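Structural overview for review
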Amino acid sequence: MYMQSIHLMQFMLLFSRQGKLRLQKWYVPLSDKERKKISRDLVQTILARKPKMCSFLEWRDLKIVYKRYASLYFCCAVEDQDNELITLEIIHRYVELLDKYFGSVCELDIIFNFEKAYFILDEFLLGGEAQETSKKNVLKAIEQADLLQEEAEAPRSVLEEIGLT
Amino acid sequence: MPAPIRLRELIRTIRTARTQAEEREMIQKECAAIRSSFREEDNTYRCRNVAKLLYMHMLGYPAHFGQLECLKLIASQKFTDKRIGYLGAMLLLDERQDVHLLMTNCIKNDLNHSTQYVQGLALCTLGCMGSSEMCRDLAGEVEKLLKTSNSYLRKKAALCAVHVIRKVPELMEMFLPATKNLLSEKNHGVLHTSVVLLTEMCERSPDMLAHFRKNEKLVPQLVRILKNLIMSGYSPEHDVSGISDPFLQVRILRLLRILGKSDDDSSEAMNDILAQVATNTETSKNVGNAILYETVLTIMDIKSESGLRVLAINILGRFLLNNDKNIRYVALTSLLKTVQTDHNAVQRHRSTIVDCLKDLDVSIKRRAMELSFALVNGNNIRGMMKELLYFLDSCDPEFKADCASGVFLAAEKYAPSKRWHIDTIMRVLTTAGSYVRDDSVPNLIQLITNSVEMHAYTVQRLYKALLDDISQQPLVQVASWCIGEYGDLLVSGQCEEEEPIQVTEDEVLDVLEGLLVSNLSAAVTRGYSLTAIMKLSTRFSGVNRIKKVVSIYGSSIDVELQQRAVEYNALFKKYDHMRPALLERMPIMEKSASNGPTEIVQTNGETEPSVVDSKHPPPVSQPANQANDLLDLLGGNDVVPVIQTTVPTKPASAGGELLDLLGDLSLSGVPTPAPSVATSQPSFLLDGLSSQPLFNDIAAAAIPPMTAYNKNGLKIDFTFERANPNPNVAVITIHASNSTEADMTDFVFQAAVPKTFQLQLLSPSSNVVPALNQGTVTQVIRVLNPQKLRMRIKLTYTLKGSPVQDLAEVNNFPPQSWQ
């Protein structure tokens with residue numbers, strides 16, 4: 001069941017206008033089946049909203065904060081006590097980070113590099129809370145981790161090159 | 001075996017699928033390949049395969065066979081493996097499955113890894129999905145990292161600690177020492193996460209809260225940090241639209257809220273900074289408004305001085321006018337929370353709030369509706385109700401039930417006139433009649449019964465509404481009941497308020513019978529209408545038609561209707577002499593003092609054969625006690641509620657000796673065994689057994705008011721009315737006013753009458769008589785069978801701290817009050 005807590009982002013979903021999931025980050029323990037049901041229901045609900053409606057809605061016992069950027073919906077579920085306006089800023093900061101990282105990010109970037117999108121999110125938020133408020137620091141950390149990854153992979157490709165797979 | 005295809009290639013391939021079936025086929029093929037690759041324990045490509053699996057999982061396909069592979073990746077030494085492994089664990093594992101515990105050891109090792117990015121992965125995973133068992137095992141490691149000087153790790157450890165505390169609250173204590181210097185960090189990441197950690201601890205534990213308030217002097221520290229953020233110049237690293245680190249500002253404000261709540265000293269210490277933030281924050285963008293919003297929430301929750309509170313409400317008022325509907329939404333939410341405590345301040349923004357009823361957004365509409373109802377009062381009821389009724393007309397069905405209930409409640413509290421009240425109810429019933437709650441029907445019936453002078457008008461309007469539409473059940477039920485009760489007024493065309501309509505008895509019966517047969521009528525409605533028809537047998541002249549209808553329904557399939565019809569039939573056949581009495585006009589129902597469900601305090605001594613609508617709550621015992629006390633005042637005679645009946649045509653006894661009790665009283669032929677009627681409550685309206693006409697034409701000649709008592713600044717006036725239809729009950733309203741310079745508190749008025757009479761004292765409007773005639777306390781006394789009424793009254797109150805008591809006789813009742 002849900003954890004007992006006072007302020008919590010329970011999950012974040014990214015999905016397209018056709019309702020295809022592009023990223024799902026869960027901060028509460030739920031089975032695959034439960035997650036699927038929630039995603040499906042919530043995506044339907046949000047896609048049914050008209051463009052002029054506000055970015056917040058009550059859904060089950062949660063508050064949903066969502067915003068569309070181009071063809072992607074960014075949607076967070078927070079518990080009742082939270083400040084919805086700052087959640088919008090959190091979403092916006094994440095989009096800025098993606099944008100900086102990918103250079104004018106679009107949905108395709110997220111589709112083809114979904115694991116990177118997760119890595120960036122995990123350097124920005126931890127357990128649903130912001131761990132770093134400086135854009136520069138988040139991007140620096142990702143950069144360094146990517147470097148580490150390259151170094152880890154480099155030796156193998158050299159070996160492949162000389163035919164020693 | 002060829003190398004498994006790369007992730008990007010797989011994604012590309014799958015996206016070329018033109019149908020769901022084609023996609024499924026590709027996925028199945030790839031999954032098979034991955035499975036065999038896993039079976040071969042291939043270390044090289046495990047990472048790639050798991051990544052592909054995660055992609056397919058996101059598309060909705062099962063990926064549980066990859067769970068163990070994730071664990072193997074986590075255990076690998078390669079950073080790439082770990083990165084994907086931990087990601088996979090967070091996506092595919094959940095704490096309900098035991099397999100997740102296998103991660104614990106790996107995480108423990110990685111928390112101590114030499115590379116901070118590996119440590120970071122471990123902290124992130126633990127902080128996102130760690131189960132209670134894992135948290136228990138690893139809390140020590142987290143605590144260690146909380147004390148490191150490496151800010152990259154420290155900030156993650158703080159949030160990980162938050163998660164640990166949420167899962168295992170008992171472990172909170174162990175993190176306390178590490179929090180000591182957290183706020184002296186310069187690094188914003190650490191500051192932000194530290195504030196989150198401190199917030200979590202303070203919210204969960206009152207002891208922690210007290211500790212941080214007193215011992216750690218948290219408030220000054222936070223105030224200082226916040227001040228620096230606001231005053232410092234442009235800092236590119238943390239700037240958002242000209243504001244320095246809004247995330248940190250908001251978190252600090254939230255923590256201040258918790259620290260300041262119910263604590264005068266803390267609230268005092270943060271007053272200045274809150275005022276500063278409230279006035280200096282740039283409001284052109286969402287980010288500034290986010291900070292303002294948090295500031296308002298904090299101001300309203302702590303013990304702030306009134307100037308600050310007004311400032312906060314005004315910020316919300318400005319929010320209401322903002323073009324951005326998100327801002328309007330949060331404003332309405334906050335105003336709803338504060339409307340009880342800062343009612344007047346919120347009233348100032350009433351018209352803007354009412355405008356929001358027309359907003360397109362459902363959430364905004366709902367909040368505007370709730371807030372509007374909260375703001376209704378005696379002064380604005382007419383204007384507000386116009387807007388709210390318009391809203392009721394045009395709103396979505398999901399709002400109608402709540403709105404209708406709200407309208408009824410507001411109308412009941414603040415109706416400026418009975419006619420307005422009835423009109424409002426009619427409007428709701430006709431526009432949203434199918435959405436009103438079930439309990440509104442008895443409430444409305446009670447209201448209508450008590451609006452004695454509006455009966456003719458009400459029944460006429462309801463009749464007309466029925467002619468238009470019989471589909472809305474609550475409307476139909478109330479209308480049937482009224483027609484049954486007041487059908488005689490309807491056909492006699494007595495309406496004063498509007499043009500009376502011409503309608504014959506047959507037409508009325510046509511309508512009621514129509515309800516009985518209509519498919520639209522619910523079973524309950526049919527019951528109402530059959531009873532109404534029956535009641536008309538004593539109000540209309542032509543009884544045969546009614547007899548016929550009733551006998552037909554004696555064989556109805558509906559058991560409820562059948563029972564009623566059979567009983568009514570019996571009434572016609574065997575108990576016809578009782579019929580008029582049993583079907584007599586319902587008396588006024590009294591409400592209990594509280595606003596709870598209405599109670600029928602007095603009944604006619606009659607019962608309706610089958611009860612559908614009236615509730616049967618126990619009689620209110622309080623007036624009975626008062627009656628007993630009062631009788632004591634007159635010399636402690638035994639209290640025996642004497643049931644009296646009168647035939648008003650007999651003249652009152654000449655000379656009217658007070659204690660000439662039974663002289664001209666006679667019991668009518670109809671037996672009313674006194675014991676059976678003697679309840680703990682003296683029953684008053686015993687008219688049922690007389691043969692007087694049901695509708696009493698005694699003109700309501702105005703009975704002049706009188707001053708009953710005037711001493712030491714306390715003046716008590718009596719005003720009179722006759723309760724129609726029972727002329728044997730005199731209703732006296734006392735008005736107590738106070739011309740001294742101090743309030744009279746604990747004011748209690750008691751009255752006693754000779755045993756011939758019976759007296760009931762209803763609850764007073766208040767027990768404080770305001771000084772300098774600024775208001776009156778009113779209380780209603782009902783006296784049965786007043787004959788040359790005489791009364792002894794006892795007054796007790798406290799004036800300027802000293803109790804005062806006085807007894808007086810009231811003899812100067814105007815003759816019209818008891819004749």
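The structure presented is a predicted model; accordingly, all values stated were derived computationally and were not measured.

What counts and how
Residues numbered from 1 in each chain as written. Chains lettered and ligands numbered in written order. Predicted model: local features only at pLDDT ≥ 70, side-chain atom pairs only at ≥ 80, totals over all residues. Heavy atoms only, no water. Helix = DSSP H or I, 4+ residues; strand = E, 2+ residues; numbered from the N terminus. Buried < 20%, exposed > 50% of the residue type's maximum accessible area, 1.4 Å probe, protein only. Contact = heavy atoms within 4.5 Å. Areas by Shrake-Rupley, 256 points an atom, 1.4 Å probe, with all protein chains shown as cover. Patch = residues over 30% accessible without salt bridge, like charges linked within 9 Å, V, L, I, M, F, W, Y side chains within 5 Å. Salt bridge = Lys/Arg side-chain N within 4 Å of Asp/Glu carboxyl O. Lys, Arg positive; Asp, Glu negative; His and termini not counted. Charge placed at Lys NZ, Arg CZ, Asp CG, Glu CD. Phe/Tyr/Trp six-rings, centres within 6.5 Å; stacked < 30°, edge-to-face > 60°. Lys NZ or Arg CZ within 6 Å of the ring centre and 35° of its normal. Pairing = 2+ DSSP bridges. Axes fitted to C-alpha atoms, helices over the stretch in contact; angles between N-to-C directions. Buried area = accessible area lost by both parts, 1.4 Å probe. Polar contact = N/O pair within 3.5 Å; in protein donor to acceptor, adjacent residues only side chain to side chain. Nonpolar A, V, L, I, M, F, W, Y, C, P; charged D, E, K, R; others polar.

Secondary structure summary: chain B contains 33 helices and 10 strands in total. Scored against the burial criterion, the 819 residues of chain B give a buried share of 56%. Counted over contacts in chain B with a minimum sequence separation of 6, partners at least 24 positions apart contribute 67%. A total accessible area of about 35,600 Å² is found for chain B, and carbon and sulfur atoms account for 51% of it.

Further remarks concern helix H4 (residues 114-124) of chain A. The element H4(A) is extensively covered by neighbouring structure, given that 11 of its 11 residues are classed as buried. Among the residues of H4(A), those classed as buried are Phe114(A), Glu115(A), Lys116(A), Ala117(A), Tyr118(A), Phe119(A), Ile120(A), Leu121(A), Asp122(A), Glu123(A) and Phe124(A).

On the surface, Asp265(B), Glu268(B), Asp272(B) and Glu305(B) cluster together into a patch of negative charge. Among the secondary structure elements, Glu268(B) is positioned in helix H14 (residues 264-280).

This part takes up the packing of aromatic side chains. Enumeration according to the criterion identifies 15 aromatic pairs over all chains in this entry. Where Phe114(A) meets Tyr55(B), the ring centres are 5.8 Å apart and the plane angle is 40 degrees; that geometry is what we call tilted. Of this pair, Phe114(A) sits in helix H4 while Tyr55(B) is found in helix H3 (residues 46-58), placing the two residues in two different chains. For Phe114(A), a relative accessible area of 1% translates into the label buried. Among the residues examined, Tyr55(B) registers a relative accessible area of 4% and is labelled buried. An aromatic cluster is defined as three or more aromatic residues linked by ring pairs; in this entry it consists of Phe718(B), Phe720(B), Phe749(B) and Phe813(B). Against the face of Phe65(B) rests Arg35(B), its NZ or CZ located 4.1 Å from the ring centre. For Arg83(B), the ring lying beneath its charged end belongs to Phe119(A), and the centroid distance is 4.1 Å.

In this section: the sheet that holds strand S5 (residues 72-78) of chain A. Residues and elements named next belong to chain A. The strand order across the open sheet formed by 5 strands is S2-S1-S5-S4-S3, and the pairing between neighbours is antiparallel. The two strands at the open ends of the sheet, each matched to only one other strand, are strand S2 (21-26) and strand S3 (56-59). Neighbour-to-neighbour, the strand axes of this sheet turn through a mean angle of 20 degrees, independent of strand direction. With 7 bridges connecting them, strand S1 (residues 9-16) and S5 associate as antiparallel partners. Considered in S5, the bridge of Met-12 is made with Cys-76.

On to the side chain of Ser363(B), then. Along the chain, Ser363(B) falls in helix H20 (residues 362-375). Ignoring sequence-local partners within four residues, the contact set of Ser363(B) consists of Phe56(A), Leu57(A), Glu58(A) and Tyr329(B).

Now for the pairing of S5(A). In summary, the side chains of a regular strand alternate between the two faces of the sheet. Residues and elements named next belong to chain A. Of all 7 residues that make up S5, 7 are buried, and the element is covered over most of its length. Pairing geometry for strand S4 (residues 62-69) and S5, over 7 bridges, is antiparallel. In the strand pairing of S5, Tyr-69 is matched with Leu-72. Where S4 folds back on S5, the antiparallel hairpin that results is connected by 2 residues, among which Ala-70 adopts a positive phi of roughly 55 degrees.

Once that is clear, we can look at the sheet that holds strand S6 (residues 744-752) of chain B. Residues and elements named next belong to chain B. As summarised here, the arrangement of the 3 strands in space is S6-S9-S10, forming an open sheet in which the pairing is antiparallel. Each edge of the open sheet carries a strand with a single partner, namely S6 and strand S10 (802-810). Ignoring which end each strand starts from, the neighbouring axes of this sheet average 15 degrees apart.

Turning to the interface of chain B and chain A, a few remarks are in order. Across the boundary between the two partners, chain B contributes 75 residues, which contact 73 residues of chain A. Here chain B packs against chain A, burying approximately 6,600 Å² in sum over the two surfaces, 56% of which is carbon and sulfur. Considering only the surface of chain B that becomes buried against chain A, Met58(B), Arg83(B) and Phe247(B) emerge as the three largest contributors, covering 12% of it. The tally of links from chain B across to chain A stands at 10 salt bridges. Between Arg166(B) and Glu129(A) there is a salt bridge, with the nearest N and O atoms lying 3.9 Å from each other. For the pair chain B and chain A, the number of links is 27 residue pairs in polar contact (both at pLDDT 80 or more). The element that contributes the greatest number of residues to the side of chain B that touches chain A is helix H9 (residues 151-167) of chain B, accounting for 8 residues. Taken together, the residues of the side of chain B that touches chain A sort by class into 34 nonpolar, 17 polar and 24 charged.

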